[in-house]
Amino acid sequence: SGSGYEYVYNKDGKVVLKARAVMEEHLGHPLPKYVTVGYRNGDRTDCSIENLFLGLRAGIPLDNLICRECGTHGNFEIRSQES
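Residues numbered from 1 in each chain as written. Predicted model: local features only at pLDDT ≥ 70, side-chain atom pairs only at ≥ 80, totals over all residues. Heavy atoms only, no water.

A.B. asks: Looking at this model, I keep getting lost on the overall build of the protein. Mind explaining?
C.D. replies: Counting its secondary structure elements, the protein contains 1 helix and 4 strands. Counted from the first residue to the last, the protein has its helices and strands arranged as β-β-α-β-β. For the protein, buried positions account for 18% of its 83 residues. Within the structure as shown, the protein displays about 6300 Å² of accessible surface, and the carbon and sulfur contribution to it stands at 49%. (Helix = DSSP H or I, 4+ residues; strand = E, 2+ residues; numbered from the N terminus. Buried < 20%, exposed > 50% of the residue type's maximum accessible area, 1.4 Å probe, protein only. Areas by Shrake-Rupley, 256 points an atom, 1.4 Å probe, with all protein chains shown as cover.)

Right, here's the structure in full:
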């Protein structure tokens, strides 16, 4: 695309960002819509798993990210709503 992002078809036949598809494949489940995938080195064509990281879409209050089990802030694992 003109924006530098690469797109692929996912398992459902929908066009998605390649980085998102790579991350979902790596994690083994779909990402929630509020989760984004970023590029550590800024190169939008480098979709190696080592270059990708998870983030949150703008507007997601960080106060909402509290561990459901222990009630603390800290290390979190992003899971789909089906998990």
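A.B. asks: What is the right way to look at helix α1 (residues 18–27) in this model?
C.D. replies: Each full turn of the α-helix corresponds to 3.6 residues, which orients residues three or four apart in the same direction. All of the buried residues along α1 are A19, R20 and M23. Projected down its long axis, α1 shows its buried positions confined to an angular sector of 100°, all on one face. Where α1 is buried, its residues meet β2 (15–17), β3 (35–39) and β4 (52–56). Just past α1, the residue G28 takes up positive phi, approximately 85°. (Arc of directions from axis to C-beta. Contact = heavy atoms within 4.5 Å.)

A.B. asks: Just to check I follow, could you spell out the packing of aromatic side chains for this structure?
C.D. replies: Between two aromatic rings, the relevant description is the distance of the centres plus the angle of the planes. What the rule picks out here adds up to 1 aromatic pair. Ring centres of Y5 and Y39 lie 6.1 Å apart, and the angle between their planes is 45°; on these two criteria the pair is classed as tilted. Separated by 34 residues along the polypeptide, Y5 in the segment before β1 (7–9) and Y39 in strand β3 bring together distant segments of the chain. By relative accessible area, which is 25% here, Y5 ends up partly exposed. You can call Y39 buried: its relative accessible area is 12%. (Phe/Tyr/Trp six-rings, centres within 6.5 Å; stacked < 30°, edge-to-face > 60°.)

A.B. asks: Can you help me understand the pattern of salt bridges in this one?
C.D. replies: Under the counting rule described, the total for this entry stands at 2 salt bridges. Here E6 and K18 are joined by a salt bridge, their closest N and O atoms 3.4 Å apart. Pair noted here: E6 is in the segment before β1 and K18 is in helix α1, with a separation of 12 residues, a long-range link. Residue K18 is classed as partly exposed on the basis of its relative accessible area, which comes to 29%. Among the salt bridges present, the one from R20 reaches E24, with a minimum N-O distance of 3.7 Å. Within this pair, R20 and its partner E24 are both found in helix α1, separated by 4 residues, close to a single helical turn. You can call R20 buried: its relative accessible area is 15%. (Salt bridge = Lys/Arg side-chain N within 4 Å of Asp/Glu carboxyl O.)

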